[in-house]
Amino acid sequence: MEQNGRIDHSIISLEHVSKRFESAGRVKEVVNDVSLEVKENEFVVLFGPGQCGKTTMINLIAGLEPASGGTVTVDGKKVEGPGADRGVVYQTTALFPFCTVMGNVEFGPKSRGIDKKTRRERAQYFINLVGLEGFEKSYPNQLSGGMRQRVGIARAYCNDPKVMLMDEPFGHLDAQTRYMMEEELEKIWQKEKRTVVFVTNNIEEAIYLADRIILLTNCPTSIKEEYIVDLPRPRSYVDPEFLKLRKTILDNTEETL
Amino acid sequence: MKKHFVGEKAEKTVYAILAIATFFLAWAFITTFTAAGETTPGPVEVLKLLVDSFFEPIGRFTLYGHLYYSIRRVLVGYVVAAVLGIIVGIAMGTSRYAEAIIKPIFELIRPIPPIAWIPLVILWFGVGELPKYAIIFIGSFTNVTLNAYTGAQRVDPTLIGCAKMLGTSDRDIFLRVVLPSSLPQIFAGMQVALSTAWMAVLAAEMIGAQEGCGWIILRGSDTTNIPLVLVGMVVIGVVGLLLATIMRMAERRLCSWNRMDV
Ligand SMILES: Nc1ncnc2c1ncn2[C@@H]1O[C@H](COP(=O)(O)OP(=O)(O)OP(=O)(O)O)[C@@H](O)[C@H]1O
Ligand SMILES: [Mg+2]
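Values in this document were obtained by computation on a predicted structure and should not be read as measured data.

## Notes on the coordination of the magnesium ion (ligand 2)
The expected angle between donors at a tetrahedral four-coordinate metal is 109.5 degrees. At an octahedral six-coordinate metal it is 90 or 180 degrees.
Residue and element names in this part refer to chain A.
Piece 1. Taken together, T55 (OG1) and Q91 (OE1) make up the protein donors of the magnesium ion (ligand 2), found 1.8 to 2.6 Å from the metal. Linking T55 in helix α1 (residues 54-62) with Q91 in the loop between β8 (86-89) and α2 (101-105), this pair joins segments that are 36 residues apart in sequence.
Piece 2. Note on Q91: relative accessible area 27%, which makes it partly exposed.

## Let's talk about the interface of chain B and chain A
Piece 1. The interface of chain B with chain A comprises 21 residues on the first partner and 23 residues on the second.
Piece 2. Our count for the contact surface shared by chain B and chain A stands at zero salt bridges.
Piece 3. Where chain B meets chain A, there are four residue pairs in polar contact (both at pLDDT 80 or more).
Piece 4. Of all the secondary-structure elements, those providing two or more residues to the side of chain B that touches chain A are α8 (157-165) and α9 (170-199) of chain B.
Piece 5. By residue number, the principal contributor to the side of chain B that touches chain A is α8 of chain B, which donates seven residues.
Piece 6. For the side of chain B that touches chain A, the per-class residue count stands at ten nonpolar, seven polar and four charged.

## Some points on the side chain of E182 of chain A
Piece 1. Along the chain, E182 of chain A falls in helix α6 (residues 175-191).
Piece 2. In this structure E182 of chain A touches F170, E205, Y208, L209 and Y237 of chain A, once residues within four positions along its chain are discounted.

## What about the site of ligand 1?
Residue and element names in this part refer to chain A.
Piece 1. In the vicinity of ligand 1, the contacting residues are F21, K28, V30, G50, Q51, C52, G53, K54, T55, T56, Q91 and E168.
Piece 2. Between ligand 1 and the protein, one listed contact pairs an oxygen atom with a backbone N or O atom of G53 at 3.0 Å.
Piece 3. Between an oxygen atom of ligand 1 and a side-chain N or O atom of T55, the distance comes to 2.6 Å.
Piece 4. Considering ligand 1 on its own, with 630 Å² of exposed area, one finds that the protein chains cover 69% of that surface.

## Structural notes on the confidence of the model for chain B
Residue and element names in this part refer to chain B.
Piece 1. Within chain B, residue pLDDT values average 90, and 96% of them lie at 70 or more.
Piece 2. In the model of chain B, helix α5 (residues 96-109) stands out as the element of lowest mean pLDDT, 83, in contrast to helix α6 (residues 118-125), which has the highest, 95.
Piece 3. Both scores are available for the predicted complex, with the pTM at 0.81 and the ipTM at 0.88.

## Some words on the pattern of salt bridges
Piece 1. Summed over all chains, the structure comprises 30 salt bridges over all chains.
Piece 2. Connected through shared salt-bridge partners, R60, R72, R73, E129, K132, E205 and E211 of chain B make up one network.

## Considering the packing of aromatic side chains
Piece 1. Enumeration over the complete set of coordinates arrives at 20 aromatic pairs over all chains.
Piece 2. Between the aromatic rings of F23 of chain B and F24 of chain B, the centroid separation amounts to 5.6 Å while the plane-to-plane angle is 85°, which identifies the pairing as edge-to-face.
Piece 3. Assessed through its relative accessible area of 55%, F23 of chain B is described here as exposed.
Piece 4. Pairing F61 of chain B with Y69 of chain B gives two aromatic rings, centres 5.3 Å apart and planes at 45°, and the pair type is tilted.
Piece 5. Under the relative-accessibility criterion, F61 of chain B is labelled partly exposed at 22%.
Piece 6. By the ring-pair criterion, three or more aromatic residues cluster together here, those being F43, F170, W189 and F198 of chain A.
Piece 7. Over the ring of W189 of chain A we find K193 of chain A; its NZ or CZ atom is 4.5 Å from the centre of that ring.
Piece 8. It is R176 of chain B that lies over the ring of F107 of chain A; its NZ or CZ is 3.9 Å from the centre.

## Section: unusual backbone geometry
All names here are of chain A.
Piece 1. Here C219 and P220 are connected by a cis peptide whose omega angle stands at -5°.
Piece 2. Locating P220 in the fold gives a position in the loop between β11 (212-216) and β12 (223-228).
Piece 3. Cis peptide bonds are those with omega within 30 degrees of zero, and the linkage from R233 to P234 qualifies with -10°.
Piece 4. Among the secondary structure elements, P234 is positioned in the loop between β12 and α8 (240-252).
Piece 5. Notably, D33 is not glycine yet its phi reads approximately 50°, a positive angle.
Piece 6. Along the chain, D33 turns up in strand β4 (residues 26-39).
Piece 7. Residue classification places D33 among the partly exposed positions, given a relative accessible area of 44%.

Here is what the cut-offs are and how they apply
- Residues numbered from 1 in each chain as written.
- Chains lettered and ligands numbered in written order.
- Predicted model: local features only at pLDDT ≥ 70, side-chain atom pairs only at ≥ 80, totals over all residues.
- Heavy atoms only, no water.
- Donors = N, O, S within 2.8 Å, 3.2 Å for Na, K, Ca; no water.
- Helix = DSSP H or I, 4+ residues; strand = E, 2+ residues; numbered from the N terminus.
- Buried < 20%, exposed > 50% of the residue type's maximum accessible area, 1.4 Å probe, protein only.
- Contact = heavy atoms within 4.5 Å.
- Salt bridge = Lys/Arg side-chain N within 4 Å of Asp/Glu carboxyl O.
- Polar contact = N/O pair within 3.5 Å; in protein donor to acceptor, adjacent residues only side chain to side chain.
- Nonpolar A, V, L, I, M, F, W, Y, C, P; charged D, E, K, R; others polar.
- Near = heavy atom within 4 Å.
- Areas by Shrake-Rupley, 256 points an atom, 1.4 Å probe, with all protein chains shown as cover.
- pLDDT = per-residue confidence, 0-100.
- Phe/Tyr/Trp six-rings, centres within 6.5 Å; stacked < 30°, edge-to-face > 60°.
- Lys NZ or Arg CZ within 6 Å of the ring centre and 35° of its normal.

Quick look at the structure:
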């Protein structure tokens, strides 16, 4: 895509995207004219108040919901429905409860007809990467919340998507596990670089992980501000620069309605 | 934990044996010491006749023959009902229109006992094996269908979205998401249905049968041979219990992911 004469290497592009839900004759405006470009291998965090429309934005990029206006493009193709080029890690775990850890992680490759040996090796690599070696045969109901999210991340990675969409993957974890998972995710991402769009309403998590933070307004949501985070990784939650940025962003954040 | 589990299982078995023993003792007691004994045979007499019937024919067959015919009838009717019921139930659960059209009909037909269908079934299928299969089918079809329907309806839509995002085809979504998600519910239905199918064996064998466990009861009733009636009842009870146990074991194997305690 060419814009204003400069070549744009963005892999995700939202152009004037809006979303309205119509139910029982009532129209609810949720996303209001959002334009956003995400570069290859960039870690973008959508940071916004509760119920502002974050999940809806993820669903629009995923193709799980059609946009009411504007276009979403991923890797040069207009998004018109769900597809394997976008991997999703969900707010709730959304693992297949009847599949083992291995079954979940290899679900995507199996769907796409990749032969058993190749997909098993690949799945094993990602199971090990998220630190679940030895749990291949466990079912999701035998795992802790943190472990389930690890499976969710491995499952998305294993399908080798062009971009990863993560919707508050650590939102339901206790504070301790959450810190640990943030560190883990950062390590995984350093090792297996992907374009990530990560949703959160936790400011520390946002600054810890992001290359760039997109601050969203309340519903109907739009982009309020953007912050580039160029602190060295891995970051420290008590670094003065970290805390300064935290204050800047929070001062600009709207209260949840 | 494993040891604890084995212990618990052994304990349950002991209780089960005690309960059955108590039942037989009470039966023996009542028939020996009360007026009921004048009309009703005691367990010893019935068990003796039961054992004999493995060697000496009742009507055309020994008990083996009767078991064979009854189990065959029930399995044929039941398997057809289960396969059709799962398909119809899942179709109802995944399509709004199928649900709106089929569901009220099922709720209407369900309370009608299989025995009520006998005249119609004879009219349609005569008096061979076919009408017997049909009665069993009627006795089990609605239970499978309505449970499969509930199961399919409860499939988490997030999981379907999730499978789509992983590049799964519609056919695979059905086979690898909808079907396994509904499996516990389908099994619950199949379990109930197997019991009701087996219960319908008496109704089925009212249609011109010359053999079968239900027929034994009918024969005993016709010839006022009360011990024979009780033999039929005991056999139906025991076989029903065995069938239920087999189903439970199959469910354990196939739906192990659904149990929290493993
Ligand atoms: N399918 C739908 N139909 C109607 N309204 C919807 C639908 N999906 C979402 N909404 C509405 O859109 C608004 C934003 O929802 P969304 O789930 O996108 O917010 P969120 O920022 O992800 O919330 P949370 O912080 O709870 O995760 C909510 O008010 C919600 O009621
Ligand atoms: Mg959300």
